[in-house]
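Architecture at a glance
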Amino acid sequence: MKRVKNLLTVVYGVVFVFGAFCLTSCSSSVEPIKAVGELYGGGVIAAMWTQDGVQHGIIVALTDQSLGRSWSNVSEKEVGSVARSRSNGLENSLAITAQEGHLNSAAKLCLDYSNDGFSDWYLPAIEELERIYENRETVNAALAAVPGATEIPKTAGYWSSTENGAILAWNYNFNFGIASNYSTKNLVNFRVRAIRTF
(Lines give C-alpha, C1' and ligand atoms only; values in the text may rest on other atoms or scores of the structure.)
Protein backbone atom coordinates (compact mmCIF):
# COMPACT_ATOMS: atom_id res chain seq x y z
CA MET A 1 0.00 0.00 0.00
CA LYS A 2 2.84 2.37 0.86
CA ARG A 3 4.48 1.73 -2.51
CA VAL A 4 1.26 2.66 -4.32
CA LYS A 5 1.00 5.87 -2.29
CA ASN A 6 4.57 6.82 -3.17
CA LEU A 7 3.94 6.08 -6.83
CA LEU A 8 0.86 8.29 -6.79
CA THR A 9 2.87 11.03 -5.13
CA VAL A 10 5.50 10.80 -7.82
CA VAL A 11 2.92 10.76 -10.59
CA TYR A 12 1.13 13.71 -9.05
CA GLY A 13 4.43 15.53 -8.67
CA VAL A 14 5.31 15.02 -12.32
CA VAL A 15 1.90 16.21 -13.49
CA PHE A 16 2.05 19.19 -11.18
CA VAL A 17 5.56 20.20 -12.21
CA PHE A 18 4.74 19.73 -15.89
CA GLY A 19 1.56 21.75 -15.49
CA ALA A 20 3.39 24.56 -13.72
CA PHE A 21 6.08 24.60 -16.40
CA CYS A 22 3.49 24.80 -19.15
CA LEU A 23 1.62 27.65 -17.52
CA THR A 24 4.74 29.79 -17.16
CA SER A 25 6.66 28.81 -20.26
CA CYS A 26 4.10 27.77 -22.89
CA SER A 27 1.26 30.26 -22.54
CA SER A 28 2.88 32.89 -24.77
CA SER A 29 3.03 30.45 -27.70
CA VAL A 30 -0.66 29.51 -27.56
CA GLU A 31 -2.50 31.02 -30.51
CA PRO A 32 -5.47 33.12 -29.38
CA ILE A 33 -8.87 32.03 -30.64
CA LYS A 34 -9.87 33.82 -33.84
CA ALA A 35 -13.37 34.91 -34.89
CA VAL A 36 -15.27 35.73 -38.06
CA GLY A 37 -15.06 39.47 -38.68
CA GLU A 38 -11.63 39.82 -37.08
CA LEU A 39 -8.96 41.79 -38.94
CA TYR A 40 -6.19 39.24 -39.43
CA GLY A 41 -3.56 38.08 -41.90
CA GLY A 42 -3.91 40.95 -44.36
CA GLY A 43 -7.72 40.89 -44.52
CA VAL A 44 -10.86 39.98 -42.62
CA ILE A 45 -11.70 36.47 -41.40
CA ALA A 46 -14.77 35.39 -43.36
CA ALA A 47 -15.20 31.77 -42.24
CA MET A 48 -13.86 29.51 -39.49
CA TRP A 49 -13.65 25.79 -38.75
CA THR A 50 -11.66 23.45 -36.52
CA GLN A 51 -9.89 20.37 -37.81
CA ASP A 52 -7.99 17.99 -35.52
CA GLY A 53 -8.14 20.60 -32.77
CA VAL A 54 -6.56 23.31 -34.94
CA GLN A 55 -8.36 26.47 -36.04
CA HIS A 56 -8.57 27.17 -39.77
CA GLY A 57 -10.24 29.96 -41.65
CA ILE A 58 -10.78 31.93 -44.84
CA ILE A 59 -9.44 35.48 -44.99
CA VAL A 60 -11.02 37.80 -47.55
CA ALA A 61 -9.05 40.67 -49.09
CA LEU A 62 -9.90 44.20 -47.96
CA THR A 63 -10.82 45.30 -51.49
CA ASP A 64 -11.85 43.81 -54.83
CA GLN A 65 -9.01 43.04 -57.21
CA SER A 66 -11.34 43.92 -60.08
CA LEU A 67 -14.81 45.43 -60.40
CA GLY A 68 -15.42 43.44 -63.57
CA ARG A 69 -13.30 41.16 -65.72
CA SER A 70 -13.52 37.92 -67.65
CA TRP A 71 -12.55 34.59 -66.08
CA SER A 72 -9.61 34.03 -68.46
CA ASN A 73 -8.31 35.16 -71.83
CA VAL A 74 -8.28 31.49 -72.94
CA SER A 75 -11.61 30.64 -74.53
CA GLU A 76 -13.20 27.41 -75.76
CA LYS A 77 -10.48 25.30 -74.19
CA GLU A 78 -10.98 23.68 -70.82
CA VAL A 79 -8.37 23.66 -68.10
CA GLY A 80 -9.75 20.28 -67.06
CA SER A 81 -10.25 18.40 -63.81
CA VAL A 82 -7.36 20.23 -62.12
CA ALA A 83 -9.53 23.39 -62.08
CA ARG A 84 -12.84 21.79 -61.10
CA SER A 85 -12.44 21.61 -57.33
CA ARG A 86 -15.43 23.04 -55.51
CA SER A 87 -13.43 23.66 -52.33
CA ASN A 88 -9.75 24.16 -53.23
CA GLY A 89 -9.42 27.54 -54.91
CA LEU A 90 -5.64 27.60 -54.71
CA GLU A 91 -5.35 24.38 -56.69
CA ASN A 92 -7.79 25.74 -59.28
CA SER A 93 -6.02 29.12 -59.52
CA LEU A 94 -2.62 27.55 -60.14
CA ALA A 95 -4.08 25.30 -62.85
CA ILE A 96 -5.82 28.22 -64.58
CA THR A 97 -2.65 30.30 -64.78
CA ALA A 98 -0.63 27.29 -65.98
CA GLN A 99 -2.96 26.68 -68.93
CA GLU A 100 -1.37 26.93 -72.37
CA GLY A 101 -2.06 30.35 -73.89
CA HIS A 102 -2.88 31.98 -70.56
CA LEU A 103 -2.03 35.67 -70.33
CA ASN A 104 -4.49 37.11 -67.86
CA SER A 105 -7.34 35.93 -65.70
CA ALA A 106 -9.27 36.53 -62.52
CA ALA A 107 -7.07 33.88 -60.90
CA LYS A 108 -3.88 35.71 -61.91
CA LEU A 109 -5.14 38.94 -60.34
CA CYS A 110 -5.54 37.10 -57.05
CA LEU A 111 -2.27 35.17 -57.21
CA ASP A 112 -0.42 38.45 -57.93
CA TYR A 113 -2.10 40.27 -55.04
CA SER A 114 -0.11 41.08 -51.91
CA ASN A 115 -1.11 42.87 -48.71
CA ASP A 116 0.46 43.41 -45.32
CA GLY A 117 3.32 41.04 -46.15
CA PHE A 118 1.04 38.19 -47.31
CA SER A 119 1.32 37.00 -50.91
CA ASP A 120 -0.43 33.61 -50.82
CA TRP A 121 -3.80 34.86 -52.09
CA TYR A 122 -5.91 33.08 -54.70
CA LEU A 123 -9.30 33.10 -56.45
CA PRO A 124 -11.81 31.27 -54.22
CA ALA A 125 -13.50 28.06 -55.28
CA ILE A 126 -17.31 28.12 -55.42
CA GLU A 127 -17.82 26.59 -51.96
CA GLU A 128 -15.34 29.05 -50.46
CA LEU A 129 -17.45 31.90 -51.88
CA GLU A 130 -20.51 30.29 -50.35
CA ARG A 131 -18.82 30.31 -46.93
CA ILE A 132 -18.12 34.03 -47.34
CA TYR A 133 -21.74 34.67 -48.31
CA GLU A 134 -22.97 32.91 -45.16
CA ASN A 135 -21.05 35.45 -43.03
CA ARG A 136 -21.37 38.47 -45.34
CA GLU A 137 -23.04 40.76 -42.77
CA THR A 138 -20.28 40.27 -40.20
CA VAL A 139 -17.57 40.52 -42.86
CA ASN A 140 -19.01 43.72 -44.32
CA ALA A 141 -19.33 45.29 -40.87
CA ALA A 142 -15.64 44.60 -40.31
CA LEU A 143 -14.66 45.90 -43.76
CA ALA A 144 -16.65 49.10 -43.19
CA ALA A 145 -14.55 49.82 -40.12
CA VAL A 146 -11.21 49.59 -41.97
CA PRO A 147 -10.02 52.78 -43.71
CA GLY A 148 -9.61 52.15 -47.44
CA ALA A 149 -11.39 48.79 -47.39
CA THR A 150 -14.52 48.16 -49.46
CA GLU A 151 -17.52 46.05 -48.55
CA ILE A 152 -18.75 43.15 -50.65
CA PRO A 153 -21.78 44.60 -52.48
CA LYS A 154 -24.98 42.73 -51.75
CA THR A 155 -25.97 42.83 -55.42
CA ALA A 156 -22.60 41.72 -56.83
CA GLY A 157 -21.57 38.60 -58.66
CA TYR A 158 -18.08 37.17 -58.07
CA TRP A 159 -16.05 34.77 -60.14
CA SER A 160 -14.97 31.53 -58.54
CA SER A 161 -11.98 29.52 -59.70
CA THR A 162 -14.17 26.46 -60.32
CA GLU A 163 -14.41 25.63 -64.02
CA ASN A 164 -17.47 24.06 -65.63
CA GLY A 165 -16.25 23.00 -69.04
CA ALA A 166 -14.54 24.52 -72.06
CA ILE A 167 -16.50 27.77 -72.09
CA LEU A 168 -18.18 28.00 -68.67
CA ALA A 169 -17.17 28.66 -65.06
CA TRP A 170 -18.95 29.03 -61.73
CA ASN A 171 -19.78 32.40 -60.18
CA TYR A 172 -21.58 33.37 -57.00
CA ASN A 173 -24.45 35.85 -56.81
CA PHE A 174 -24.29 37.74 -53.49
CA ASN A 175 -27.73 39.22 -54.05
CA PHE A 176 -29.61 35.92 -53.90
CA GLY A 177 -26.95 33.61 -52.45
CA ILE A 178 -26.95 31.46 -55.57
CA ALA A 179 -24.08 29.65 -57.29
CA SER A 180 -24.33 29.64 -61.07
CA ASN A 181 -22.40 27.36 -63.43
CA TYR A 182 -23.45 28.73 -66.81
CA SER A 183 -21.36 31.91 -67.13
CA THR A 184 -19.19 32.20 -70.23
CA LYS A 185 -15.56 32.46 -69.16
CA ASN A 186 -14.30 35.04 -71.66
CA LEU A 187 -17.49 37.06 -72.30
CA VAL A 188 -19.04 37.73 -68.88
CA ASN A 189 -17.43 40.15 -66.44
CA PHE A 190 -17.79 39.59 -62.70
CA ARG A 191 -16.05 41.05 -59.69
CA VAL A 192 -12.91 39.44 -58.30
CA ARG A 193 -11.86 39.26 -54.65
CA ALA A 194 -8.91 37.28 -53.40
CA ILE A 195 -8.79 35.06 -50.35
CA ARG A 196 -6.15 33.21 -48.38
CA THR A 197 -6.47 30.57 -45.69
CA PHE A 198 -4.82 29.71 -42.39
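Below: a short report on this structure. (Residues numbered from 1 in each chain as written. Predicted model: local features only at pLDDT ≥ 70, side-chain atom pairs only at ≥ 80, totals over all residues. Heavy atoms only, no water.)

Once that is clear, we can look at the environment of Glu-151. Assignment of secondary structure puts Glu-151 in the loop between helix H5 (136–144) and strand E5 (157–163). Assessed through its relative accessible area of 43%, Glu-151 is described here as partly exposed. Here the alpha-carbon distance between Glu-151 and Asn-140, two residues eleven residues apart in the chain, equals 5.1 Å. Among residues more than four places away in sequence, those in contact with Glu-151 are Asn-140, Leu-143, Ala-144 and Arg-193. (Helix = DSSP H or I, 4+ residues; strand = E, 2+ residues; numbered from the N terminus. Buried < 20%, exposed > 50% of the residue type's maximum accessible area, 1.4 Å probe, protein only. Contact = heavy atoms within 4.5 Å.)

What the rule picks out here adds up to ten salt bridges. The partner of Lys-154 in a salt bridge is Glu-137, and the shortest N-O contact between them spans 3.8 Å. On the criterion of sequence distance, the pair formed by Lys-154 in the loop between H5 and E5 and Glu-137 in helix H5 is long-range, its members being 17 residues apart. Measuring nitrogen to oxygen at the nearest pair gives 2.7 Å for the salt bridge that ties Lys-185 to Glu-163. (Salt bridge = Lys/Arg side-chain N within 4 Å of Asp/Glu carboxyl O.)

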